[in-house]
Amino acid sequence: MQVEIIGVFIPIIFLLVSGLIVIAAIYYRSRERQMLIEKGLSAEQIREFFKDKIIAKKDSYILLQVGIISVFFGIGIGIGLMLEDWTSKDYWNVLFIFTFTGAGFIVANLVAKKLSNGNKEK
């Protein structure tokens with residue numbers, strides 16, 4: 001009985017927290033812009049400020065990184081499920097999912113750094 005009552009609140013809490021995060025992001029973005037206006041920056045200076053900010057955040061290899069991580073995640077699931085079938089132990093799947101996903105993050109980071117350094121040298 002208690003579990004059913006708690007289960008009803010999970011989606012409600014999720015939606016409330018998600019909404020609060022979105023509202024906070026919008027609020028702080030508008031506060032940042034208000035502060036720039038209060039400092040007396042012109043419209044052109046504000047545009048340049050945000051343009052530099054967007055360019056600094058842009059990562060041209062994000063899809064490559066997501067692809068590498070997804071491949072490693074899939075390999076981890078596959079190996080984990082095979083070992084679960086062979087040994088009848090439940091922990092293999094979780095072990096290999098986390099291990100291979102972590103390795104995927106490392107490989108994706110190294111590949112992106114190598115490619116970005118290669119582009120900077122040109």
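Residues numbered from 1 in each chain as written. Predicted model: local features only at pLDDT ≥ 70, side-chain atom pairs only at ≥ 80, totals over all residues. Heavy atoms only, no water.

## Some details on the overall build of the protein chain
For the protein chain, the count of helices and strands is four helices and zero strands. The secondary structure elements of the protein chain, listed N-terminal to C-terminal, are α-α-α-α. Sorting the 122 residues of the protein chain into buried and exposed places 14% on the buried side. The long-range fraction of contacts in the protein chain, counting pairs at least 24 apart against all pairs at least 6 apart in sequence, stands at 50%. Summed over its atoms, the accessible surface of the protein chain is roughly 10100 Å², and 70% of this surface lies on carbon and sulfur atoms. (Helix = DSSP H or I, 4+ residues; strand = E, 2+ residues; numbered from the N terminus. Buried < 20%, exposed > 50% of the residue type's maximum accessible area, 1.4 Å probe, protein only. Contact = heavy atoms within 4.5 Å. Areas by Shrake-Rupley, 256 points an atom, 1.4 Å probe, with all protein chains shown as cover.)

## A short note on the environment of Gly-102
Along the polypeptide, Gly-102 turns up in helix H4 (residues 91-121). On the basis of relative accessibility, which here comes to 29%, the residue Gly-102 falls in the partly exposed class. Residues Gly-102 and Ile-69 lie 33 residues apart in sequence; the distance between their C-alpha atoms is 8.2 Å.

## Thoughts on a nonpolar patch on the surface
On the surface, Ile-5, Val-8, Phe-9, Ile-12, Ile-13, Leu-16, Val-17 and Ile-21 cluster together into a nonpolar patch covering about 750 Å² of accessible area. Position of Leu-16 among the secondary structure elements: in helix H1 (residues 2-38). (Patch = residues over 30% accessible without salt bridge, like charges linked within 9 Å, V, L, I, M, F, W, Y side chains within 5 Å. Salt bridge = Lys/Arg side-chain N within 4 Å of Asp/Glu carboxyl O.)

## Quick word on the confidence of the model for the protein chain
With 88% of its residues at a pLDDT of at least 70, the protein chain reaches an overall mean of 84. Model confidence for the protein chain, summarised as mean pLDDT per element, is weakest for helix H2 (residues 43-57) at 69 and strongest for helix H3 (residues 62-87) at 91. (pLDDT = per-residue confidence, 0-100.)

## A word on the packing of aromatic side chains
Applying the stated criterion across every chain, the model contains four aromatic pairs. Ring geometry for Tyr-91 against Trp-92: centres 5.1 Å apart, planes inclined by 40°, an arrangement best described as tilted. The class of Tyr-91 is partly exposed, set by a relative accessible area of 49%. (Phe/Tyr/Trp six-rings, centres within 6.5 Å; stacked < 30°, edge-to-face > 60°.)

## What about H3?
Here H3 spans 37 Å end to end across 26 residues, near enough to the 38 Å set by a 1.5 Å rise per residue. Phi for Ser-88, located one or two positions after H3, is positive at around 60°. (Expected span 1.5 Å × (residues − 1).)

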